[in-house]
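# Summary of structural features
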Amino acid sequence: MKKVALITGITGQDGSYLAELLLSKGYEVHGIVRRVALEDETHRLWRIRKILKDINLHAGSLESYASLFNIILKIKPTEVYHLAAQSYVGYSFEDEFSTLNININGTHYLLSAVKEFADRKIKFYFAGSSEMFGKVKQIPQNEDTVFNPRSSYGISKVTGYYLTKNYREAYKLHASNGILFNHESPRRGFEFVTRKISHAVAKIKNGSKEKLKLGNMKAKRDWGHAKDYVEAMWLMLQKDNPGDYVVGTGQENSVEEFAKKAFNHVGLNYKDHIVIDQKLIRPSEVDTLLADTSKAKKILKWEPKVSFDDLVIDMVESDLKNIN
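The text that follows walks through the structure, step by step, so that each part is easy to find. (Residues numbered from 1 in each chain as written. Predicted model: local features only at pLDDT ≥ 70, side-chain atom pairs only at ≥ 80, totals over all residues. Heavy atoms only, no water.)

A separate point is the packing of aromatic side chains. By the definition in use, this model includes 14 aromatic pairs. A centroid spacing of 5.0 Å and a plane angle of 80° characterise the contact between phenylalanine 147 and tyrosine 161, whose relative ring orientation is edge-to-face. In this pair, phenylalanine 147 sits in the loop between β5 (123-129) and α5 (152-171) while tyrosine 161 sits in helix α5, placing the two residues 14 residues apart along the sequence. When the centroid spacing of 5.0 Å and the interplanar angle of 55° are considered together, the rings of tyrosine 167 and tyrosine 171 count as tilted. In this pair, tyrosine 167 and tyrosine 171 are both assigned in helix α5, 4 residues apart and thus about one turn of the helix distant. Classification of tyrosine 167 as buried rests on a relative accessible area of 7%. Taking the relative accessible area as the measure of exposure, tyrosine 171 reaches 40% and is therefore partly exposed. The positively charged end of lysine 25 is found above the aromatic ring belonging to tryptophan 234, 4.0 Å away from the centroid. The ring of tyrosine 17 carries the charged tip of arginine 187 above its face, separated from the ring centre by 3.9 Å. (Phe/Tyr/Trp six-rings, centres within 6.5 Å; stacked < 30°, edge-to-face > 60°. Helix = DSSP H or I, 4+ residues; strand = E, 2+ residues; numbered from the N terminus. Buried < 20%, exposed > 50% of the residue type's maximum accessible area, 1.4 Å probe, protein only. Lys NZ or Arg CZ within 6 Å of the ring centre and 35° of its normal.)

Membership of the largest hydrophobic core comes to 34 residues, with the highest contact counts inside it found for Ile7, Leu18, Leu22, Tyr81 and Tyr125. Top element by residues in this core is helix α7 (residues 226-236). It accounts for 8 residues. The next biggest cluster of nonpolar side chains, apart from the first, holds 32 residues, and it includes Val80, Val114, Tyr167 and Ala175. (Core = buried A, V, L, I, M, F, W, Y, C linked by side-chain atoms within 4.5 Å.)

Shown next, in the form of structure tokens:
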């Protein structure tokens, strides 16, 4: 029987890569979008433009339980991947209310809808985040590390994690949490620091005199390629038993190191083109995040394939191509 996947957040970075992966494995792929319009193809749907003819999009909202229930009733998915969220940490400080509302209620509604079809044994994946660890108590972080979030985004993801865990234990759902550390790609949104850097490098290389404004350049993150990480999501739902998994590279680099490598790739000195903007520094900063992926390696047999250097080059080369 052909597997049927439903992806929330299919128009995002992770959703687009996951959709491509699932199509390559013979899945029937469905995605939820707020509305479907042809003019969106060059804007909101740009990441999935090449596969639009191969997937099925449904108008729905994470803020509407009824729409989620009806979509599940209609398509009868075997796997549900919940990736949609207000995922920009910086914005979560500006609008805590919508971040908490969308991320928490959306997860709750979707889990509740899946529960109503328990007889179909739908497998559920929740996209957690390393921001759940926040101001960390231990380095590196694994599945047993205490959560200490420093933003409403992190708090919303911790809540989603526990909702997923509770539905797994209380209602026997095959529901898994992926605690994903920072993962980037040429499909990353321009509001995120990595894409902000790669895009600025491409513009400056092409003659722009504009300075790149950054906040805390000393912040350290565990950065991997999104294309690798969606494979880990899929692997979680192929296991007989659900679980929680930390997904990362186990290597840490600072924002400054990312910028340095990006500018070096095009033969420029990053110090000549960056200025620190105090307004970009978060009210409560997360200084260091580093993944211990022992469990994912052992049980899922998963390891990242793309190195940090290759990730930076991939993003810079893509932005150079787009600008040219």
